[in-house]
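These are the residues of each chain, in order.
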Amino acid sequence: MNKKIWIAALLVTVMAVAAGCGSKPTAAPVQTQSEGSETQTGNGDTEVQDEVITEPATAGSEETTTPSNSANGSTEGTPSSGETSTDKPSTESKEKKTIEVFYTDPEELELHKASAEISYASEEDKYKAAFASLQQNKDEKLVPLWSKDIELKSVQFNDGALTLDIHMPDTARLGAGGEVFALDALKQTFFQFDEVKTLDLLVDGQSSESLMGHVELEHPMTRSN
C-alpha cells in the first residue's frame, strides 16, 4: 500500500516538474552587428538598424565646380568696366567759298556788289549761308535789303529748282524801290550758283502774289527774268 502511494506521489512530482519546464520562456537570441548589416544608400549615408548615420564626406566625393568666365572677370569679347572707347566721332569737314552778295546804299539808289565768305557742309547749308549773307554786312556804306527779322524757314533743291520758304514780319517790308532791289539782290546772289536754274520764293509756305505789296512776285523766277 505504501509503495503505491510513493509511486503515485513520484508521478505527480514528475508531471509538475515537466509542466513547469514547458512553461519557461525562452531567451531571445542576442543580436550582433556585423559589417554585412550595413547598407549603403544612394546619397552617401550608411543605414544601420533603421538609423541613418551620415558619413563624413571624403575627398573623392567632393564636387568640383569650374568658375565661370564672368566670375573671373575675363569674358571673351566683352570689355571690362574700366575700359573706355577711344573712338571719337569724326567732325564733318566744311567747305569754304567766296561768293558775290548784293546790297544797296543808304539812299537806296542802286545795287552794290560785295564779296562774302561762306562755309558749309552740304548744298542746303550753302544756300542758307548765302541767304544769311544777304542779311548782314560790315560795311557801313552798304545796306542789306533783307532784314535779319526775316526767317528762312526751309530750303529745298531738286533738279535745278531751288525753293526758299520765308517768314516776313511787317518791320522787314520796304517801299516799291526797295522791294525791286531786294528781289534783284536775291536773284543775282543765288543764280551765281550754276546748278540753280529756277528760284521760287514762298511766304509761310504760300505762293504770294507780291513780296511786300508793290511788285508782282513770279513763281518761279528764272535767270532770264
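No experiment lies behind these values; they were computed from the predicted model shown.

Caption draft 1: Structural detail: the overall build of the chain. Scanning the chain for helices and strands turns up four helices and nine strands. Counting the 225 residues in the chain, one finds 25% classified as buried. For the chain, the exposed surface amounts to about 16300 Å²; the carbon and sulfur share of it is 50%.

Caption draft 2: Spotlight on the pattern of salt bridges. Here the structure, examined in full by the defined rule, presents seven salt bridges. One salt bridge connects Asp170 with Arg173, and the closest N-O pair in it is separated by 3.2 Å. What makes Arg173 partly exposed here is its relative accessible area of 37%. Sharing partners across several salt bridges, the network here consists of Glu123, Lys126 and Glu195.

Caption draft 3: Focus on the nonpolar core. Membership of the largest hydrophobic core comes to 39 residues, with the highest contact counts inside it found for Trp146, Leu164, Ile166, Leu186, Phe190, Leu201 and Leu211. Of all the elements in the fold, those that place two or more residues in this core are strand S4 (95–104), strand S5 (111–120), helix H3 (123–134), strand S7 (161–167), helix H4 (176–190) and strand S8 (198–203). With six residues, the top contributor of residues to this core is H4.

Caption draft 4: Quick peek at the sheet that holds S7. If you walk across this open sheet you meet the four strands as S6-S7-S8-S9, and the pairing is mixed. In this open sheet, the two strands that pair with only one neighbour each are strand S6 (151–158) and strand S9 (221–222). One ladder, built from two bridges, connects S8 with S9; its direction is antiparallel. By the bridge assignment for S9, Thr198 is matched with Thr222.

Caption draft 5: Highlighting the packing of aromatic side chains. For the structure on display, the rule yields four aromatic pairs. For the ring pair Tyr127 and Phe157, a centre distance of 5.6 Å and an interplane angle of 45° mean the geometry is tilted. Taken together, the residues Tyr127 in helix H3 and Phe157 in strand S6 connect sequence positions 30 residues apart. Take Tyr127: its relative accessible area is 0%, and that puts it in the buried class. In textbook terms, an aromatic cluster arises when at least three aromatic residues are bridged by ring pairs, as seen for Tyr127, Phe157, Phe190 and Phe193. Across the ring face of Phe193, the terminal group of Lys126 is positioned such that the distance to the ring centre comes to 4.7 Å.

How each quantity is defined
- Residues numbered from 1 in each chain as written.
- Predicted model: local features only at pLDDT ≥ 70, side-chain atom pairs only at ≥ 80, totals over all residues.
- Heavy atoms only, no water.
- Helix = DSSP H or I, 4+ residues; strand = E, 2+ residues; numbered from the N terminus.
- Buried < 20%, exposed > 50% of the residue type's maximum accessible area, 1.4 Å probe, protein only.
- Areas by Shrake-Rupley, 256 points an atom, 1.4 Å probe, with all protein chains shown as cover.
- Salt bridge = Lys/Arg side-chain N within 4 Å of Asp/Glu carboxyl O.
- Core = buried A, V, L, I, M, F, W, Y, C linked by side-chain atoms within 4.5 Å.
- Pairing = 2+ DSSP bridges.
- Phe/Tyr/Trp six-rings, centres within 6.5 Å; stacked < 30°, edge-to-face > 60°.
- Lys NZ or Arg CZ within 6 Å of the ring centre and 35° of its normal.

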